[in-house]
Amino acid sequence: MMEGRGEFAEVKETSILPMLTVDMENKENGSLDVKNSVENGRPPDPADWAVIDVVNYFRTAGFEEQANAFQEQEIDGKSLLLMTRNDVLTGLSLKLGPALKIYEYHVKPLQTQHLKNSSL
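Residues numbered from 1 in each chain as written. Predicted model: local features only at pLDDT ≥ 70, side-chain atom pairs only at ≥ 80, totals over all residues. Heavy atoms only, no water.

J.: So what about helix α3 (residues 64-72)? Which residues, and what values?
T.: Among the residues of α3, Gln66, Ala67, Ala69 and Phe70 are the ones counted as buried. End-on view of α3: buried residues confined to an arc of 145 degrees, all on one side of the axis. Those residues of α3 that are exposed and aimed more than 90 degrees away from the buried face are Glu65 and Glu72. Buried residues along α3 sit in contact with α2 (51-60), α4 (77-82) and α6 (96-118). (Buried < 20%, exposed > 50% of the residue type's maximum accessible area, 1.4 Å probe, protein only. Helix = DSSP H or I, 4+ residues; strand = E, 2+ residues; numbered from the N terminus. Arc of directions from axis to C-beta. Contact = heavy atoms within 4.5 Å.)

Dropping the structure here:
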């Protein structure tokens, strides 16, 4: 059982987000050096996403119907990273349930990850 746990830890260290391929190397100070690669045709940093990248991200995440709202409102990656909870819940005219999931499980984590990566 211990061998399986060691293997799991190795796998866990090789990715941060399921939508990105991430290579991480330990630096001398113990922090991790993250190297992203393009996957699904999107640049790794959401700030570089075009409107179609944002739309495709939400379609891939299972929000086919809601993805159209991002296209209609011309939300690119920079705009996505600036969105507040209120913007997602009211500004996109989405049903409340999907809007909450989009903000909590996608927009907020993308914002957090972008801030972490930009401060490295």
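J.: How would you explain the confidence of the model for the protein if you had to name every residue and give the values?
T.: Of all residues in the protein, 67% have pLDDT values of 70 or greater, and the mean over the chain is 78. Counting contacts from residues 1-37, a segment whose pLDDT is below 50, to residues more than four positions away or on other chains yields 42 contacts. (pLDDT = per-residue confidence, 0-100.)

J.: Kindly report on the packing of aromatic side chains, identifying the contributing residues and their values.
T.: All chains considered together, the criterion is met by 3 aromatic pairs. Between Phe58 and Phe70, the aromatic rings sit 4.4 Å apart at their centres with planes inclined by 10 degrees, giving stacked as the arrangement. Here Phe58 is found in helix α2, whereas its partner Phe70 is found in helix α3, with 12 residues between them in sequence. Of the two residues examined, Phe58 and Phe70, each falls in the buried class. A connected cluster of aromatic rings, assembled from ring pairs, spans Trp49, Tyr57, Phe58 and Phe70. Sitting over the face of the ring of Trp49, Arg42 holds its NZ or CZ atom 5.3 Å from the ring centroid. (Phe/Tyr/Trp six-rings, centres within 6.5 Å; stacked < 30°, edge-to-face > 60°. Lys NZ or Arg CZ within 6 Å of the ring centre and 35° of its normal.)

J.: Mind laying out unusual backbone geometry, listing which residues take part and the relevant values?
T.: We note that Glu74 has phi near 55 degrees; this positive angle belongs to a residue other than glycine. With respect to the element layout, Glu74 can be found in the loop between α3 and α4. Residue classification places Glu74 among the exposed positions, given a relative accessible area of 62%. A positive phi is found at Ser93, a non-glycine position, where the angle reads about 55 degrees. Along the chain, Ser93 falls in the loop between α5 (85-91) and α6. On the basis of relative accessibility, which here comes to 68%, the residue Ser93 falls in the exposed class.

J.: How would you explain the nonpolar core if you had to name every residue and give the values?
T.: Taken as a class, soluble globular proteins show a tendency for nonpolar side chains to be buried jointly. Counting residues in each nonpolar core, the largest one holds 23 residues, and the members touching the most others are Phe58, Phe70 and Leu80. Going through the elements one at a time, α2, α3, α4, α5 and α6 are the ones with two or more residues in this core. Ignoring anything within four residues of it in the chain, the contact list for Phe58 reads Phe63, Glu64, Ala67, Phe70, Leu80, Ile102, His106 and Val107. (Core = buried A, V, L, I, M, F, W, Y, C linked by side-chain atoms within 4.5 Å.)

J.: Got a sec to walk through α2? Specific residues and values, please.
T.: Listing the buried residues of α2 in full gives Asp53, Val54, Val55, Tyr57 and Phe58. Among the structural elements, α3, α4 and α6 are those in contact with the buried residues of α2.

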